[in-house]
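Here's the letter readout for the chains.
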Amino acid sequence: MKKKQNEIPTVNFGLLGEENYITDYVQVHNPKLQRIAKRLRGKTNDQIITAVASYVAKNIKYPLDRHGKPTAATHTKCFKWWNGLYLTDVDFDYGWLFPNQTVASEVKRGICFSSACLCTSLLRIKHVEAFTVLGVVLKTKGKRILGFHAWTETVKTSGEHIVIETTVHPKPAKLVPAKDMYGEALPVTYDPLAWFNEAGYAEDKSKAKKYEAVLNA
Amino acid sequence: MPEDKTVLDLITKTRRKRQLETQKAVWKTFGVDYEAEKRKQQEIYDALQKRKGRKSKRKRKVKRKKPERK
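Report on the accompanying structure. (Residues numbered from 1 in each chain as written. Chains lettered and ligands numbered in written order. Predicted model: local features only at pLDDT ≥ 70, side-chain atom pairs only at ≥ 80, totals over all residues.)

1. Observations regarding the interface of chain A and chain B
At step 1: Between chain A and chain B, the residue contacts involve 38 residues of the former and 31 residues of the latter.
At step 2: Counting only elements with at least two residues in the side of chain A that touches chain B, the list comes to β1 (10-11), β5 (130-139), β6 (145-155), β9 (188-197) and α6 (205-216) of chain A.
At step 3: Sort the elements by how many residues they give to the side of chain A that touches chain B and α6(A) lands first, with seven residues. (Contact = placed C-beta atoms within 7 Å. Helix = DSSP H or I, 4+ residues; strand = E, 2+ residues; numbered from the N terminus.)

This is the structure in structure tokens:
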């Protein structure tokens with residue numbers, strides 16, 4: 001991971017298009033998440049990691065539309081005015097949920113970013129070193145860039161860094177050593193570009209430049 | 001936000017591009033059957049359409065024609 005930067009970037013992917021610090025998406029002080037974390041028992045980091053990964057896989061689904069395409073579109077209504085009409089009625093083609101929204105009983109769904117931030121939050125509440133990682137997925141054979149993705153990176157009791165793929169459900173994905181996931185040992189390779197948790201944010205600007213032309217094409 | 005290009009700027013611009021292709025490749029690597037996931041969504045949609053159809057049929061039944069005036 002790169003050195004943490006002093007300036008924390010913001011994003012405006014909230015349900016109402018509101019702006020938030022990226023680090024706000026790891027919620028370690030949220031009461032509901034703290035209650036969930038309390039139920040996930042484990043004495044060692046490894047046991048806690050397994051319990052958290054299982055919880056996320058079992059409880060959070062990936063949102064697909066009726067054609068089977070990933071959907072991150074949101075529509076928020078508040079302040080009912082009259083029969084179906086609301087004073088505030090906004091929709092966006094893309095949005096991120098906070099971990100406490102992802103676990104809300106009416107939701108229980110989240111794209112890669114939302115489920116990864118939930119996973120990172122639960123691990124951080126349990127005092128396990130963890131980050132949400134934003135990066136690019138490439139086909140290992142041929143190095144073709146597929147697109148952006150998010151996942152959780154955490155540290156086992158032995159000190160080994162592992163990747164938790166949080167979009168797999170209802171059974172958790174196999175925990176893969178980060179050196180394998182980033183080192184072309186699987187059919188797809190994850191290339192990390194940015195790391196964050198509640199304490200800070202770091203990114204690799206040179207990689208962002210490298211991928212910009214390809215991803216914008 | 002810093003003025004030079006950041007990873008988050010890049011995500012903001014390219015957020016919805018290639019989401020399906022990426023997710024399919026990720027799921028394939030981790031042994032998820034994408035086609036089964038896709039079928040589930042179609043089944044939900046079909047069930048909703050069926051329910052919708054039944055409802056409108058019921059509405060049509062309830063409607064009565066006004067007697068014609070002679």
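2. Observations regarding the sheet that holds strand β10 (residues 200-203) of chain A
Residue and element names in this part refer to chain A.
At step 1: The strand order β8-β7-β6-β5-β9-β10 describes an open sheet built from six strands, whose pairing is antiparallel. At either end of the open sheet lies a strand with only one pairing partner, and these are β8 (176-177) and β10.
At step 2: Sheet topology places strand β7 (residues 161-164) next to β8; two bridges connect them, and they run antiparallel. The residue bridging I162 from the neighbouring strand is P177, located in β8. (Pairing = 2+ DSSP bridges.)

3. Notes on unusual backbone geometry
Residues and elements named next belong to chain A.
At step 1: Backbone torsion omega between H169 and P170 reads 0°, so that peptide bond is classified as cis.
At step 2: Positive phi is not limited to glycine here, since H127 has a value of about 65°.
At step 3: Here H127 lies in the loop between α4 (112-125) and β5.

4. Section: the nonpolar core
Nonpolar side chains tend to gather and get buried jointly when the protein is soluble and globular.
At step 1: One finds A:V52, A:C119, A:L122, A:L123, A:V137, A:W151 and B:V7 to be the most contacted residues of the largest nonpolar core, which totals 62 residues.
At step 2: The element best represented in this core is α4(A), accounting for nine residues.
At step 3: Residues within four places of A:C119 in sequence aside, it is in contact with A:V52, A:A53, A:V56, A:T152, A:I164 and A:T166. (Core = buried A, V, L, I, M, F, W, Y, C linked by C-beta atoms within 7 Å. Buried ≥ 20, exposed ≤ 12 C-beta atoms within 10 Å, placed from the backbone.)

5. Concerning the packing of helix α1 (residues 31-39) of chain A against α4(A)
Residue and element names in this part refer to chain A.
At step 1: Running from N to C, α1 and α4 point in directions that differ by 70°, and their axes come no closer than 9 Å. Of the possible angle classes, the one that applies to α1 and α4 is roughly perpendicular. Pair α1 / α4 crosses with right-handed handedness. On α4, the residues that touch L33, Q34, I36 and A37 of α1 are S121, L122 and I125.
At step 2: Partitioned by chemical class, the residues of the contact of α1 with α4 number five nonpolar, two polar and no charged. (Axes fitted to C-alpha atoms, helices over the stretch in contact; angles between N-to-C directions. Parallel < 35°, antiparallel > 145°, perpendicular 65-115°, else oblique. Left-handed = near helix turned anticlockwise from the far one by under 90°. Nonpolar A, V, L, I, M, F, W, Y, C, P; charged D, E, K, R; others polar.)

6. Let's talk about helix α2 (residues 19-29) of chain B
Because each turn of an α-helix spans 3.6 residues, side chains separated by three or four positions in sequence point in the same direction.
At step 1: Taken together, the buried positions of α2(B) are B:Q19, B:T22, B:Q23, B:A25, B:V26 and B:T29. Burial along α2(B) is one-sided: seen end-on, the buried residues are contained in an arc of 160°.
At step 2: As for α2(B), its buried residues are in contact with β5, β6 and β9 of chain A.
At step 3: Following α2(B) by one or two positions, B:G31 adopts a phi angle in the positive range, close to 80°. (Arc of directions from axis to C-beta.)

7. With respect to the pairing of strand β4 (residues 85-92) of chain A
All names here are of chain A.
At step 1: Where burial is concerned, little of β4 is hidden: zero out of the eight residues are buried.
At step 2: Taken together, the seven bridges between strand β3 (residues 74-82) and β4 define a ladder with antiparallel strand orientation. Its bridge partner lying in β4, C78 is registered against T88.
At step 3: In this antiparallel pair of consecutive strands, β3 and β4, the connection spans two residues, and G84 shows a positive phi of 85°.

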